[in-house]
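Fold and geometry: a report
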Amino acid sequence: MYAQLVDTGASRVRSLDELGPQEREFQDRIDAGVKIEPRDWMPEAYRKTLVRQISQHAHSEIVGQLPEGNWVTRAPTLQRKAILLAKIQDEAGHGLYLYSAAETLGVSRDELLEALHAGKAKYSSIFNYPTLSWADMGAIGWLVDGSAIINQIPLCRCSYGPYARAMVRVCKEESFHARQGYDILLALCRGSAEQKAMAQDALNRWWWPALMMFGPPDAESVNSRQSANWRIKLFSNDELRQRMVDQTVPQAEHLGLTIPDPSLRWNEERGHYDFGEIDWDEFHAVLKGNGPCNRERLRTRVQAWEEGAWFRDALVAHADKRAARDARAA
Ligand code: BYC
């Protein structure tokens, strides 16, 4: 498993008896549903776990703008273009809330971005796939933002206050994103045979990568147990993945599209859909940097950062000038 790039220092989950008095008190607060705030004492491993997850999440939002950015100039109508632009701007905003939440844990945004640009930090695997047609904008909104909502609604109740509060706003915006995606596909599916085929092709390409967004199977998820104990994770990777399948199948039926999984069928006994095996080799390859677009995504982010240097310098110069003026006036 390509995990633990950030060493949290917690190699295994310790039992309550093994915790010191301060750690026990901390765990009791978590168990009682009390939110942890930036100035509260917290175990170093809790802090590092949150920095890891929140920064990966922030990077995902920022890199996540790129696949959709590819279609801004080619949106079919002015209205679709305005909606897409608004969605992409929302993603930038989500990244900023999340970097701010990470900064409350004592890391700087520059450090986090440096790790991203050096290829050391992870971001969601899903953004390493190309957007080949307009229907991909629909599939991203429906499946990717749809999965993000399923993953993020529970995070609104996670134990760390700033992360939980950021998620409340993010989730509200994500639900608009999912609807706009579904609306794009609905229009295509009600259109010509070519348009419907374009929608089916997008579903064929995005379905399996969307299921990978929830992370490795529970048995291989190295961080899950400890994160569940700390109420950073309220549901397991597999539980949320199942929720996504159960929710999405009827939506695909309404569109008249076929989910590209011959093993997909309703299991009366379980009360859930059974689905086929995910290609975990593909998932690991993407995490290692070998997905179809990993290099391109990173190159684009680094270029944007470098080309924005003059603007960041100007902001700092302006802030310094104001501070000097205020100091003179005082
Ligand atoms: N891609 O032990 P596990 C969005 C890594 S933004 C890449 O289960 P954990 C959107 C994992 O980080 C979507 N890496 O980990 C934006 C770990 O590596 P490290 C992003 C993945 O943390 C714009 C290792 O595999 N959402 O929706 O307990 C436009 C072992 O996994 C992935 C979030 O970030 C993956 N898919 O659980 C549209 C939500 N899966 O760090 C939409 C917050 C796993 O040990 N994050 N890995 O080296 C989470 O909920 C959890 O971090 C995860 C993984 C469920 C993703």
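Structure: see above.
First, a word on what this report is: a plain description of the structure on this page. (Residues numbered from 1 in each chain as written. Predicted model: local features only at pLDDT ≥ 70, side-chain atom pairs only at ≥ 80, totals over all residues. Heavy atoms only, no water.)

Before going further, it helps to examine helix α12 (residues 294-307). Its 14 residues place the ends of α12 20 Å apart at the C-alpha level, agreeing with the 20 Å of an ideal helix rising 1.5 Å per residue. In this structure, the buried residues of α12 make contact with α2 (44-63), α3 (65-69), α5 (109-117) and α11 (280-290). (Helix = DSSP H or I, 4+ residues; strand = E, 2+ residues; numbered from the N terminus. Expected span 1.5 Å × (residues − 1). Contact = heavy atoms within 4.5 Å.)

The local shell around the ligand holds 37 residues, among which Gln56, Lys122, Ser125, Ser221 and Lys233 are the closest. Note that an oxygen atom of the ligand is positioned 2.6 Å from one of the side-chain N or O atoms of Lys122. Note that a nitrogen atom of the ligand is positioned 2.8 Å from one of the backbone N or O atoms of Ser125. Computed on the free molecule, the ligand has an accessible area of 1,000 Å², of which 96% lies beneath the protein chains in the complex. Of all elements in the fold, only α2, α4 (78-103), α6 (135-155) and α11 reach the threshold of two or more residues within the shell around the ligand. A per-element tally of the shell around the ligand places α2 first, with six residues. Among the residues forming the shell around the ligand, the class breakdown is 17 nonpolar, 13 polar and seven charged. (Near = heavy atom within 4 Å. Polar contact = N/O pair within 3.5 Å; in protein donor to acceptor, adjacent residues only side chain to side chain. Areas by Shrake-Rupley, 256 points an atom, 1.4 Å probe, with all protein chains shown as cover. Nonpolar A, V, L, I, M, F, W, Y, C, P; charged D, E, K, R; others polar.)

According to the stated counting rule, one finds 14 salt bridges in the structure shown. Across the pair Lys87 and Asp145 runs a salt bridge, and its minimum N-O distance is 3.1 Å. Placement of Lys87 in helix α4 and of Asp145 in helix α6 is noted, with a sequence separation of 58 residues between them. Given the relative accessible area of 1%, Lys87 is considered buried. Note on Asp145: relative accessible area 4%, which makes it buried. The structure contains a network of salt bridges with shared partners spanning Glu68, Lys87, Glu91 and Asp145. (Salt bridge = Lys/Arg side-chain N within 4 Å of Asp/Glu carboxyl O. Buried < 20%, exposed > 50% of the residue type's maximum accessible area, 1.4 Å probe, protein only.)

The periodicity of an α-helix, 3.6 residues per turn, causes residues three or four positions apart to be oriented the same way. An ideal rise of 1.5 Å per residue puts 28 Å on 20 residues; α2 measures up with 28 Å between its terminal C-alpha atoms. Counting buried residues in α2 gives 16 out of 20 residues, a clear majority hidden from the surface.

With respect to the element layout, Asp136 can be found in helix α6. At 2.7 Å, the side chain of Asp136 and the backbone nitrogen of Leu132 are in polar contact. If near-sequence neighbours (up to four positions away) are discounted, Asp136 is found in contact with Pro130, Thr131, Ala202, Arg205 and Trp206.

Once that is clear, we can look at the nonpolar core. Ranked by size, the top nonpolar core spans 79 residues in total, and within it Tyr46, Ile54, Tyr160, Tyr163, Trp206 and Trp207 carry the most contacts. For this core, the element with the most residues is helix α7 (residues 161-189), which contributes ten residues. Those residues in contact with Tyr163, other than ones at most four positions away along the chain, are Leu50, Gln53, Ile54, His57, Leu98, Ala101, Leu155 and Cys158. (Core = buried A, V, L, I, M, F, W, Y, C linked by side-chain atoms within 4.5 Å.)

Turning next to the packing of aromatic side chains. Across all of its chains, the model carries eight aromatic pairs by this definition. Arranged with centres 5.3 Å apart and planes meeting at 90°, the rings of Trp280 and Phe283 form a pair that is edge-to-face. One end of the pair is Trp280 and the other is Phe283, both in helix α11 and three residues apart, which spans about a single turn. Overall, the relative accessible area of 4% leaves Phe283 in the buried class. An aromatic cluster is built from Phe26, Trp41, Tyr46 and Trp230, whose rings are joined through pairwise contacts. Sitting over the face of the ring of Trp71, Arg74 holds its NZ or CZ atom 4.0 Å from the ring centroid. The ring of Phe235 carries the charged tip of Arg243 above its face, separated from the ring centre by 4.4 Å. (Phe/Tyr/Trp six-rings, centres within 6.5 Å; stacked < 30°, edge-to-face > 60°. Lys NZ or Arg CZ within 6 Å of the ring centre and 35° of its normal.)

Another point: the side chain of Asn267. Relative to the helices and strands, Asn267 resides in strand β1 (residues 265-267). For Asn267, a relative accessible area of 19% translates into the label buried. Reaching out from Asn267, the side chain makes a polar contact with the side chain of Asp274 at a distance of 3.0 Å. When near neighbours in sequence (up to four residues on either side) are disregarded, Asn267 contacts His272, Tyr273 and Asp274.

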